[in-house]
Amino acid sequence: MTAVATAQSERVELAIGGMTCASCAARVERKLNKVGGVTATVNYATEKAQVSYPGGLSVEDLVGVVEAAGYSARLPEPEAPAEDGTLRKRLLLSAVLTVPVLALAMVPAWQVDYWQWVSLVLAAPVVTWGAWPFHRAAAVNLRHLTATMDTLISLGVVAATAWSLYALLFGMAGEIGMRHGFELVGTGMAGDNLYFEVAATVTTFILAGRYFEARSKRRAGAALRALLDLGAKDVTVLRGGDERQVPIESLHPGDVFVARPGEKIATDGVVTEGRSAVDTSMLTGEATPVEAGPGDAVTGATVNVGGRLLVRATRVGADTRLAQLARLVEAAQNGKAQAQRLADRVSAVFVPAVVFAALATLVVWLATGGSEEQAFTAAVAVLIIACPCALGLATPTALLVGTGRGAQLGIVIKGPEVLESTRRVDTVVLDKTGTVTTGRMTLVEGDGEVLRLAGAVEAASEHPIARAIVAAARERFGTLPAVTDFRSTAGLGVTGVVEGKRVSVGREAAGTSGVHVAWDGEVHGQLVVADTIKPTSAQAVAELRALGLTPVLLTGDNAGAARAIAAEAGIDEVVAEVLPEGKVDVVKRLQAEGRVVAMVGDGVNDAAALAQADLGLAMGTGTDAAIEAGDLTLVRGDLRAAADAIRLARRTLATIKGNLFWAFAYNVAALPLAASGLLNPMIAGAAMACSSAFVVSNSLRLRRFR
């Protein structure tokens, strides 16, 4: 990828490495924006920076600014490999080694001779190699005089490990037959206690949270890949009168290619020969096929469901409509506000305060005549009580329990960044086809002899409207009479002889759902085929209103059909006849009006709007592109799951905030006790464990969500 020049400035996308939390992204963004003429947006989720810069600067200059801030920057590669393999290894090894360390510390009966040295051997790889990402990030933070969650983790692990090593090497903890001492009040004897289990457990729990976060981030670019994967990989072109299959990359504007029945149309073009029905649902989300004949434009990635077409390519590669939709999704993702983790916001103040409190404790004890052992033990107690185990668990445990319960209800929450939006959403935009409606053509009007004879003729056709008529006729009459002398006229209809009558079935104009049935030269009736509302949609809309949301129906369908569906579903506000590209504009307009918008959709055409919305809810019965672009996925395909998803996400967010409050409350309340020498470091570790247990149990309450 290269920089793109404009009249005033140049633009470049940089891949940023080394970011461990949202505050890292904010720091890189601040550093870049301090450079004269530079405007930068850094997205922590995608690990990319969009940068506009004046002609006097180069990409190398921008990379230098990022590197000076302690991070890496480079031009993105076409397909970056997954980077959580090492993180997974760190987590697995740390978990395996931490379990016996924790067991030895907590079960006195297992504390055989030399158990403390076994704990050291087992914990050493965890607190060094396992916790290395936290130590490295803390060092970067220190160089730039800042603090994040990594600083808290590193301090807690180092403090617990350093005290344990001191106790082993210079105290009495290294003696054969040593057992854990325990006093409720006072700092205890130097060297009495070990905290390897504290250091190892903190490391393992935080690594688990980071691993699940990394998995979520790795899927951030999947929406774009899902969009581009819709396109054809090969194409049959006419060259010199011969048909030749070539890779899609070899197709050029002006080439004539073949689209056989059932094949994807390779790229955007104009039909030069043939007539057929084209299924555009995978791109537009609309169920009704579009008739295409000579002179009609067709779009790449749609499916030819009827006759053979010859198409002259007009746009290929990055110029196609599919590629434009992919760029819309990417732009919407990059434009999202950055989500700062609540713990990181507080830790910027909390960490320096804890370090200062520990140093102050050490100085005050020494200045008032306390022994070095008392002073050091009290200072360590301060650091251990501030150990961020509960802080690190606050988000991932609530998220894991919430998402697990959501999966049982047909809801997938993609990450903690999603939750904040659910609290503020006041408008929900609902795509019509496949979301509010079934997305399948169904007979809604017509019966009797008209349906029986029409079903008999249409049984020989593969058109989606014909299939709907045949299905209704067979359900009503069972076996249908045979048809002879069947003829099909693309775009007009079909005829055939049934029981001695020449029966004609056709539409007045392409694209309508009214089908006229005639025989013996006279029209005897009309069959109406339409996409029908899902049985649960009206209830779902009522539930969304109960959550304080204003529903808006958004569709590319005609205004009349849209208003009919909206009335049946209980929706007052309708935006109809919107092109796929226009759906993003509708969401942006609502946001410009001050609304916080949730979008529910299932088609490729919804992907960009799902990404642009403050909260994207993708129906799991839809396309991969829509699912990957959404923040929440509704696996059931039932619109009622949208209301459940928002309620669950809000409940999960409230749980996370409650966890963070109590995690801080436990630690902060005990800090004065630790500093005054009234809190044994072992009690400090127990308080830390207690706060962790509370956080986990509070998160488990989400399992009862209904």
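Residues numbered from 1 in each chain as written. Predicted model: local features only at pLDDT ≥ 70, side-chain atom pairs only at ≥ 80, totals over all residues. Heavy atoms only, no water.

Draft legend 1. The arrangement of the overall build of the protein in detail. Tallying secondary structure elements over the protein gives 24 helices and 27 strands in all. Evaluated residue by residue, the protein yields a buried proportion of 52% over its 706 residues. Summed over its atoms, the accessible surface of the protein is roughly 29800 Å², and 58% of this surface lies on carbon and sulfur atoms. (Helix = DSSP H or I, 4+ residues; strand = E, 2+ residues; numbered from the N terminus. Buried < 20%, exposed > 50% of the residue type's maximum accessible area, 1.4 Å probe, protein only. Areas by Shrake-Rupley, 256 points an atom, 1.4 Å probe, with all protein chains shown as cover.)

Draft legend 2. View of the packing of aromatic side chains. For the coordinates displayed, the defined rule picks out 4 aromatic pairs. Measuring from centroid to centroid gives 5.8 Å for Tyr166 and Phe170, while their planes differ by 40°, and the two rings are tilted. Of this pair, Tyr166 and Phe170 both sit in helix 6 (residues 149-170), 4 residues apart, which is roughly one turn of the helix. With a relative accessible area of 28%, Tyr166 lands in the partly exposed category. Taken together, a centroid distance of 5.2 Å and an interplanar angle of 80° make the contact between Phe661 and Trp662 edge-to-face. Feature note: the residues Trp163, Tyr166 and Phe170 constitute an aromatic cluster, connected by ring pairs. The cationic tip of Arg90 hangs over the ring face of Trp129; the distance from NZ or CZ to the ring centre is 4.7 Å. (Phe/Tyr/Trp six-rings, centres within 6.5 Å; stacked < 30°, edge-to-face > 60°. Lys NZ or Arg CZ within 6 Å of the ring centre and 35° of its normal.)

Draft legend 3. Local environment of unusual backbone geometry. The phi torsion at Ala301 lies on the positive side, around 85°, for a residue other than glycine. Among the structural elements, Ala301 can be located in the loop between strand 12 (297-298) and strand 13 (303-304). Accessibility expressed as a relative area gives 2% for Ala301, which makes it buried. Despite not being glycine, Asp485 shows a phi value in the positive range, around 50°. For Asp485, a relative accessible area of 37% puts it in the partly exposed group.

Draft legend 4. Expanded view of the packing of helix 3 (residues 85-106) against helix 4 (residues 115-130). Relative to each other, helix 3 and helix 4 sit at 155°, their axes nearing to 9 Å. Relative to helix 4, helix 3 is oriented roughly antiparallel. The two elements helix 3 and helix 4 meet at a crossing, and its hand is left-handed. Contacts from Lys89, Arg90, Leu93, Ser94, Leu97, Thr98, Pro100, Val101, Leu104 and Ala105 in helix 3 reach Trp115, Val118, Ser119, Leu122, Ala123, Pro125, Val126, Trp129 and Gly130 in helix 4. Looking at side-chain class alone, the contact of helix 3 with helix 4 contains 13 nonpolar, 4 polar and 2 charged residues. (Axes fitted to C-alpha atoms, helices over the stretch in contact; angles between N-to-C directions. Parallel < 35°, antiparallel > 145°, perpendicular 65-115°, else oblique. Left-handed = near helix turned anticlockwise from the far one by under 90°. Contact = heavy atoms within 4.5 Å. Nonpolar A, V, L, I, M, F, W, Y, C, P; charged D, E, K, R; others polar.)

Draft legend 5. Up close: the environment of Val428. Turning to its location among the elements, Val428 is positioned in strand 16 (residues 427-431). When sequence neighbours within four positions are dropped, the list of residues in contact with Val428 reads Leu544, Leu549, Thr550, Pro551, Val552, Ala598 and Val600.

Draft legend 6. Focus on the pattern of salt bridges. With the rule as written, the count across this model stands at 18 salt bridges. Glu263 is paired through a salt bridge with Arg260; the nearest N and O atoms lie 3.4 Å apart. We classify Arg260 as partly exposed; its relative accessible area is 30%. (Salt bridge = Lys/Arg side-chain N within 4 Å of Asp/Glu carboxyl O.)

Draft legend 7. Here's a closer look at the sheet that holds strand 21 (residues 514-519). One open sheet accounts for 6 strands, arranged 17-22-21-20-19-18; its pairing is antiparallel. Here the strands that pair on one side only, and so sit at the sheet edges, are strand 17 (437-445) and strand 18 (484-489). Strand-to-strand twist in this sheet, taken as the mean axis angle between neighbours without regard to direction, amounts to 20°. Summarising the sheet, strand 19 (residues 493-498) and strand 20 (residues 501-507) pair through 6 bridges and their orientation is antiparallel. Directly across from Thr495, in strand 20, lies its bridge partner Ser504. (Pairing = 2+ DSSP bridges.)

Draft legend 8. Structural context of helix 19 (residues 559-569). The complete set of buried residues in helix 19 reads Ala562, Ile565, Ala566 and Ala569. Down the axis of helix 19, the sector holding all buried residues measures 100°, keeping them to one side. Pointing more than 90 degrees away from the buried face of helix 19 are the exposed residues Arg563 and Ala567. Buried residues along helix 19 sit in contact with helix 15 (432-436), strand 17, strand 22 (522-533), helix 18 (537-546), strand 23 (550-554) and strand 24 (573-575). Positive phi shows up at Gly570, right after helix 19, with a value of about 85°. (Arc of directions from axis to C-beta.)

Draft legend 9. Summary view of the side chain of Thr161. Along the chain, Thr161 falls in helix 6. Thr161 sits in the buried class, given a relative accessible area of 13%. Sequence-distant contacts of Thr161, defined by excluding residues within four places in its chain, comprise Val127, Phe196 and Ala199.

Draft legend 10. Main features of the confidence of the model for the protein. Of all residues in the protein, 80% have pLDDT values of 70 or greater, and the mean over the chain is 80. Note on residues 335-340: pLDDT is under 50 here. Beyond four places in sequence and across chains, it has 12 contacts. (pLDDT = per-residue confidence, 0-100.)

Draft legend 11. Spatial organisation of the UniProt feature "transmembrane region" (unreviewed entry) in the protein. Using the residue numbers shown here, the UniProt feature "transmembrane region" (unreviewed entry) corresponds to residues 91-108, 114-132, 152-174, 194-212, 346-367, 379-401, 660-676 and 682-700. Annotation note: span residues 91-108, helix share 89%, strand share 0%, distance between end C-alpha atoms 27 Å. Split by type, residues 114-132 is 89% helix and 0% strand. Its first and last C-alpha atoms lie 27 Å apart. (UniProt positions renumbered as here; feature names shortened; annotations may be inferred.)

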